[in-house]
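Residue-level structure breakdown
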Amino acid sequence: MRLFCFGFGYAAEALARRLSARTTALAGTRTRLDQGPPPLGARLAAFQSDGEAGQVRSLLAGTTHLLISIPPDLEGDVVLRYFRDDLLALPELGWVGYLSTVGVYGDCQGRWVDEMSPTRPMTERSLRRLEAENAWLNFGRESGRRVELFRLAGIYGPGRSVIDSLRAGSARRIVKPGQVFNRIHVDDIALVLAAAIDKSAGHRIYNVCDDAPAPPEDVVAYAAELLGLPIPPEVGFAEAGLADMAASFWAESKRVSNARIKTALGVGLAYPTYREGLRALIAGG
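Keep in mind it's a predicted model, so treat the numbers as computed, not measured.

In this section: the packing of helix α2 (residues 53–60) against helix α3 (residues 78–88). At a minimum axis separation of 11 Å, α2 and α3 run at an interaxial angle of 25°. Of the possible angle classes, the one that applies to α2 and α3 is roughly parallel. For the pair α2 and α3, the sense of crossing is right-handed. Along its contact with α2, which presents Ala53, Val56, Arg57 and Leu60, the element α3 presents Tyr82, Phe83, Asp86 and Leu87. Class assignment of the residues belonging to the contact of α2 with α3 gives a composition of 6 nonpolar, no polar and 2 charged.

If you want it as structure tokens, here you go:
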């Protein structure tokens, strides 16, 4: 396996760790290369514009598996814009995974959704994601390559969870009646991606989320109890003064089903709810 990750960030690193015993080459892109040594010895190229595409092309050679986590911009999907022909020229490219978001379902007022539910993105950001999804599906149909989309819930894990914000004294228990979110531990994202690589189940879209959509204030309270810290007081959503991007996230409430990753891919999540995930984070320091 020769794995290339456009956007070698948090989730891509988790996948690379999981596949490390199986990869003969690991490469990818980051917007900047001055953020510490490359993880797992990966060869990395900076990429933000056409002027940096040449080095990326040299690293793409021989790629068999491709992960894309770079968000689209106002003109569409960045990878397809600059590298479509290069990808078509890869003779052994057998799998393409695109990381999207459950935000493409829009606001469902707390109702359950699955991969067959209609997409009704409410924000410009989610609309661009849906357009990028369609562009990648079209690429798969036209090229004959296996392309799969993974709609991720809110990601948490080491260094990126309510545990960290509580320890930093910045956590707030914002309450909006009826609000529920799904979450997903970063290691479970890697678990699902690896399972999809190994099993062509015939699906093109997978929801990647936990079993327990929950009100965000419950998660904060549970984490505080685990840490032995005072539970932060409730703050009403209207009084929270959230920035535009955060406020748009709170404008949507849905319960997302992960049944397909279980039935089609045989995945058993390591952290099926936020409770197991938070306990593991504390146990791991």
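Mapped onto the elements of the fold, glutamate 115 is located in the loop between β6 (112–113) and α4 (124–143). It turns out glutamate 115 is buried and unbridged, and the closest side chain with the opposite charge, arginine 260, is 4.0 Å from it. Among the polar contacts made by the side chain of glutamate 115, one reaches the main-chain amide nitrogen of asparagine 207 at a distance of 2.7 Å. Residues within four places of glutamate 115 in sequence aside, it is in contact with Tyr105, Arg151, Ile205, Tyr206, Asn207, Ser257 and Arg260.

Glancing now at the pattern of salt bridges. In this structure the tally under the stated criterion is 12 salt bridges. In this structure, arginine 151 engages glutamate 133 in a salt bridge whose closest nitrogen and oxygen atoms are separated by 2.7 Å. In this pair, arginine 151 is assigned in strand β7 (residues 147–152) and glutamate 133 in helix α4, connecting sequence segments 18 residues apart. We note that arginine 151, like glutamate 133, is buried. A salt bridge links aspartate 211 to lysine 262, with the nearest nitrogen and oxygen atoms 2.9 Å apart. Of the two residues, aspartate 211 sits in the loop between β11 (205–208) and α7 (216–227) while lysine 262 sits in helix α10 (residues 259–263), which places them 51 residues apart along the sequence. Using a relative accessible area of 34% as the deciding quantity, one classes lysine 262 as partly exposed.

Calculation criteria
Residues numbered from 1 in each chain as written. Predicted model: local features only at pLDDT ≥ 70, side-chain atom pairs only at ≥ 80, totals over all residues. Heavy atoms only, no water. Axes fitted to C-alpha atoms, helices over the stretch in contact; angles between N-to-C directions. Helix = DSSP H or I, 4+ residues; strand = E, 2+ residues; numbered from the N terminus. Parallel < 35°, antiparallel > 145°, perpendicular 65-115°, else oblique. Left-handed = near helix turned anticlockwise from the far one by under 90°. Contact = heavy atoms within 4.5 Å. Nonpolar A, V, L, I, M, F, W, Y, C, P; charged D, E, K, R; others polar. Buried < 20%, exposed > 50% of the residue type's maximum accessible area, 1.4 Å probe, protein only. Lys, Arg positive; Asp, Glu negative; His and termini not counted. Salt bridge = Lys/Arg side-chain N within 4 Å of Asp/Glu carboxyl O. Polar contact = N/O pair within 3.5 Å; in protein donor to acceptor, adjacent residues only side chain to side chain.

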